[in-house]
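Each chain, letter by letter, is given below.
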Amino acid sequence: MSTDQEVEGLGARLREHRLSSRYTLEAAATRVGLSPAYLSRLETGQRQPSLPVLLGLARAYGTTVAGLLGELPADPDPVVRGGAIEPGRAGGWGYRRAGTPGRAMQALRVHVPTGLQDAVVRVHPGEEWLYVLRGRLRLTLGEQVHLLDEGDSAHFDSLTPHRIAADSSDGVELLFLHTLLQSPGGELCLGGAH
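These remarks concern the structure in this document. Since we're looking at a predicted model, the values are computed, not measured. (Residues numbered from 1 in each chain as written. Predicted model: local features only at pLDDT ≥ 70, side-chain atom pairs only at ≥ 80, totals over all residues. Heavy atoms only, no water.)

### Let's talk about the sheet that holds strand β6 (residues 144–148)
No. 1: Taken together, the three strands give an open sheet; going across it, the order is β6-β5-β8, and neighbouring strands pair in antiparallel fashion. Here the strands that pair on one side only, and so sit at the sheet edges, are β6 and β8 (162–166). Going across the sheet, the axis of each strand differs from the next one's by a mean of 20 degrees, ignoring polarity.
No. 2: Where strand β5 (residues 137–141) and β6 come together, five bridges link them in antiparallel fashion. Its bridge partner lying in β6, T140 is registered against V145. (Pairing = 2+ DSSP bridges. Helix = DSSP H or I, 4+ residues; strand = E, 2+ residues; numbered from the N terminus. Axes fitted to C-alpha atoms, helices over the stretch in contact; angles between N-to-C directions.)

### Looking at the pattern of salt bridges
Any two side chains of opposite charge can pair, given that their charged atoms come close.
No. 1: A full pass over the atoms with the stated rule returns six salt bridges.
No. 2: The closest approach of N and O atoms between D149 and R136, which form a salt bridge, is 3.1 Å. Highlighted residues: D149 in the loop between β6 and β7 (153–157) and R136 in the loop between β4 (127–134) and β5, separated in sequence by 13 residues.
No. 3: Its salt-bridge partner being D167, residue R138 comes within 2.8 Å of it at the nearest N-O pair. Of this pair, R138 sits in strand β5 while D167 sits in the loop between β8 and β9 (172–178), placing them 29 residues apart in sequence.
No. 4: Salt bridges linked by common partners bring R136, R138, D149 and D167 together as one network. (Salt bridge = Lys/Arg side-chain N within 4 Å of Asp/Glu carboxyl O.)

Rendered as structure tokens:
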């Protein structure tokens with residue numbers, strides 16, 4: 001490639017991503033199907049990778065091609081407009097995103113219908129904060145059962161076994177915040193409804 005097609009700082013970013021992924025040069029090269037010598041030349045800027053090589057490296061390092069190229073994503077719109085909660089998406093629960101996707105903290109507005117007892121006790125990394133907007137919530141944390149009314153809230157470590165259920169005839173509506181984005185169990189809390 002000619003120098004006008006080189007991406008400034010790409011080699012250093014490739015090396016940083018490899019090191020932060022805790023791969024040796026040999027392990028990363030093997031994972032992507034390259035020779036260690038070729039990957040070394042990419043990291044020192046002596047060679048420029050093709051798009052398929054960039055895709056393979058991005059997958060191996062858990063990032064995007066844009067991230068490897070040093071492109072900064074546009075800031076997401078911080079405003080999320082209200083609207084109806086869609087029923088039946090997660091075991092009968094309804095939800096509506098109340099925060100911007102892609103952030104470390106996620107916010108949802110959740111409706112849990114009455115009569116749907118959440119039989120699964122959930123345990124996963126992260127924190128959760130619940131605020132009862134309407135109705136009454138039965139929150140089980142470990143062996144303790146808490147009844148929360150409108151205006152009540154709870155903040156807990158998600159490694160505490162927990163279960164959520166409505167305890168009022170019209171169900172319960174919650175504002176639900178969690179820090180599950182980086183957790184492989186991030187879908188566990190609302191049955192994959194994120």
